[in-house]
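Coordinates in review
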Amino acid sequence: MPADINNLVFSKLAETTDVSMFRCSDSDDLQDFLHSAAKENQVQKISTTYIVHLGPELVAFFSLSMGCIKSDFVNRKMTLEMNDPPNSYPALLLARIATRDGYRGQGIGREMMKRVFNMAFDLTEQIGCRFVKVDAKKDPRTIRFYEKNGGFVRIHENNDSIQMVVDLTKIPHE
Amino acid sequence: MSGIVRHCHSQRHERRRTMAKPIELETTLKGEEARAFNDYVSAPSQSFNKESLDLFREARQLRKDWHR
């Protein structure tokens, strides 16, 4: 039966949250992160994890941190226009996002991305935050998800992941 | 649970603890990647698909207490 996304309940991961039943066969890393790292990261203020329940079931989660993008490119035009053009940009980092086995393809990921952008829009007004950045699995379906849900563009690639960003200054206000 | 089984569970738990890769906060771009990033940053606008525009609009409309 398809998930009723109107009944999704979002909350912050708590020490008492039982995450042991969360299964994500697509990625050991995502499952292991929630099982073994998310709570400690939250205590250490490395990342904050938001969990998504549908009834009693923990069906998804995402984790956010503050990130940074550094570039060694010297922009001559900007150098002429500004005394000290930036080569380092603050970013809201979507460090992990996952939906439990059996619940994918039902719009839960999109609902989580709405919350990510809601937070990014707040941050960019309050503390300065230029980008939303994701560390995406090297998988065409995953990359399509980010292109479709936020217009993310690829900026960096390594052996097992692709980093993608969207520039918050380019998002129209309405 | 016997001592051996408990020991195996404990080992598996310890192994799992180290499997999730650390969060990489920083991305450093060099060469062609840095140039392409600069082109993106410098571009005055970006064309977004309808799905993304709808997503941004709905994101702005969310209640501030979406996480309880």
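Use the structure listed above.
Quick caveat, the model's predicted, so the values are computed rather than measured.

Cut-offs used in this document
- Residues numbered from 1 in each chain as written.
- Chains lettered and ligands numbered in written order.
- Predicted model: local features only at pLDDT ≥ 70, side-chain atom pairs only at ≥ 80, totals over all residues.
- Heavy atoms only, no water.
- Helix = DSSP H or I, 4+ residues; strand = E, 2+ residues; numbered from the N terminus.
- Buried < 20%, exposed > 50% of the residue type's maximum accessible area, 1.4 Å probe, protein only.
- Areas by Shrake-Rupley, 256 points an atom, 1.4 Å probe, with all protein chains shown as cover.
- Expected span 1.5 Å × (residues − 1).
- Arc of directions from axis to C-beta.
- Contact = heavy atoms within 4.5 Å.

**Remarks on the overall build of chain B**
Helix and strand counts for chain B come out as 3 helices and 1 strand. Reading the helices (α) and strands (β) of chain B from amino to carboxyl end gives α-β-α-α. Counting over 68 residues, chain B shows a buried share of 26%. Put simply, chain B shows about 4900 Å² of open surface, and 53% of that area lies on carbon and sulfur atoms.

**Some points on helix H2 (residues 31–42) of chain B**
The end-to-end C-alpha distance of H2 of chain B, which contains 12 residues, comes to 17 Å, matching closely the 16 Å that a straight helix rising 1.5 Å per residue would cover. Listing the buried residues of H2 of chain B in full gives Ala34, Phe37, Asn38, Tyr40 and Val41 of chain B. In an axial view of H2 of chain B, the angular spread of the buried residues amounts to 160°, which keeps them on one side of the axis. Buried-residue contacts for H2 of chain B involve strand E3 (57–71), strand E4 (88–99), strand E5 (131–137), strand E6 (153–157) and strand E7 (161–167) of chain A together with strand E1 (26–29) of chain B.

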